[in-house]
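These are the residues of each chain, in order.
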Amino acid sequence: MVLVCTAAALLMTAPDSRAQTLDGDPALDGIVALVTERLDTADAVAAAKWATAAQNGGRPSIDDPDREAQVYDAMARLGADRGLPESWIRQVFYGQIEANKIVQRGLVTRWRFDPTAAPSVPPELASVRPVIDRVNAEIVDQLVLRRAELTGPNCAVLLAPPVFGALASGRDALHQTALVRAAAALCGP
């Protein structure tokens, strides 16, 4: 329920909050940029999974419980080393992973209807994972740096300007939806 309310707050924040970002209030710009960078890996991950499934004659599997558990555990350890609550870290990364899967599922569905739209030379997952791992660690760094804002009662209001800025950067509806999902998970207990 908190996630739904946060997402709604992100979408309903007054337009004059967007001006705050334009005026140079960069408080949460960094973490939103990292969330966006992490989300940008979803296209490559989907393409790699699509290609692997095609080679094996199956359907792409978006869920990867083993890899997801590795991310949750590694980020929980990293967060604990920096004094962050494990429940918050797991919430944040659950949001990042689910947002990434929103994009992956959307792309795979699109490619099922139009296989010619699928990338012809997809990247290897092994080349994408180091990017995800780096961004994950940087997100934890930002959680430490911006803990007061992200755990405060105005978190959604403070996140809205940089999120709206990212939404206005020409992303399609699929990526916009995923970005809202990822950003909504940032607000802590």
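Residues numbered from 1 in each chain as written. Predicted model: local features only at pLDDT ≥ 70, side-chain atom pairs only at ≥ 80, totals over all residues. Heavy atoms only, no water.

Caption draft 1: Expanded view of the packing of aromatic side chains. Here the structure, examined in full by the defined rule, presents one aromatic pair. Aromatic pair tryptophan 50 and tryptophan 111: ring centres 5.7 Å apart, planes at 70°, arrangement edge-to-face. Of this pair, tryptophan 50 sits in helix α4 (residues 42–56) while tryptophan 111 sits in helix α6 (residues 86–113), and the two are 61 residues apart along the sequence. Exposure class is identical for tryptophan 50 and tryptophan 111. Each is buried. (Phe/Tyr/Trp six-rings, centres within 6.5 Å; stacked < 30°, edge-to-face > 60°. Helix = DSSP H or I, 4+ residues; strand = E, 2+ residues; numbered from the N terminus. Buried < 20%, exposed > 50% of the residue type's maximum accessible area, 1.4 Å probe, protein only.)

Caption draft 2: Structural detail: the side chain of histidine 175. Looking at where histidine 175 falls in the secondary structure, it is placed in helix α10 (residues 173–184). Of the residues examined, histidine 175 reaches a relative accessible area of 9% and is grouped as buried. Leaving out residues up to four positions away in the same chain, histidine 175 has contacts with Leu39, Asp43 and Val103. (Contact = heavy atoms within 4.5 Å.)

Caption draft 3: Examining the side chain of glutamate 98 more closely. As for its position among the elements, glutamate 98 is in helix α6. Using a relative accessible area of 17% as the deciding quantity, one classes glutamate 98 as buried. Only 3.0 Å separates the side chain of glutamate 98 from the side chain of lysine 101, close enough to count as a polar contact. (Polar contact = N/O pair within 3.5 Å; in protein donor to acceptor, adjacent residues only side chain to side chain.)

Caption draft 4: Representation of the pattern of salt bridges within the structure. Using the criterion set out here, one finds 14 salt bridges in the structure. For arginine 110, the salt bridge is made with aspartate 172, and the minimal N-O distance between the two is 3.8 Å. With a gap of 62 residues between them, arginine 110 in helix α6 and aspartate 172 in the loop between α9 (155–167) and α10 connect regions that are remote in the sequence. Judged by relative accessible area, aspartate 172 falls into the partly exposed class, the value being 31%. Within this structure, Asp63, Glu68, Glu98, Lys101 and Arg105 form a network of salt bridges that share partners. (Salt bridge = Lys/Arg side-chain N within 4 Å of Asp/Glu carboxyl O.)

Caption draft 5: Local environment of the state of the cysteines. Enumeration over the complete set of coordinates arrives at one disulfide. Sulfur-sulfur distance for the disulfide between cysteine 155 and cysteine 187 comes to 2.0 Å. Across the S-S bond of cysteine 155 and cysteine 187 the torsion is about -90°, and the bridge reads as left-handed. Of this pair, cysteine 155 sits in helix α9 while cysteine 187 is found in the segment after α10, placing the two residues 32 residues apart along the sequence. Just as cysteine 155 is buried, cysteine 187 falls in that class too. (Disulfide = S-S within 2.5 Å.)

Purely geometric stuff here, so don't read any function into it on its own.
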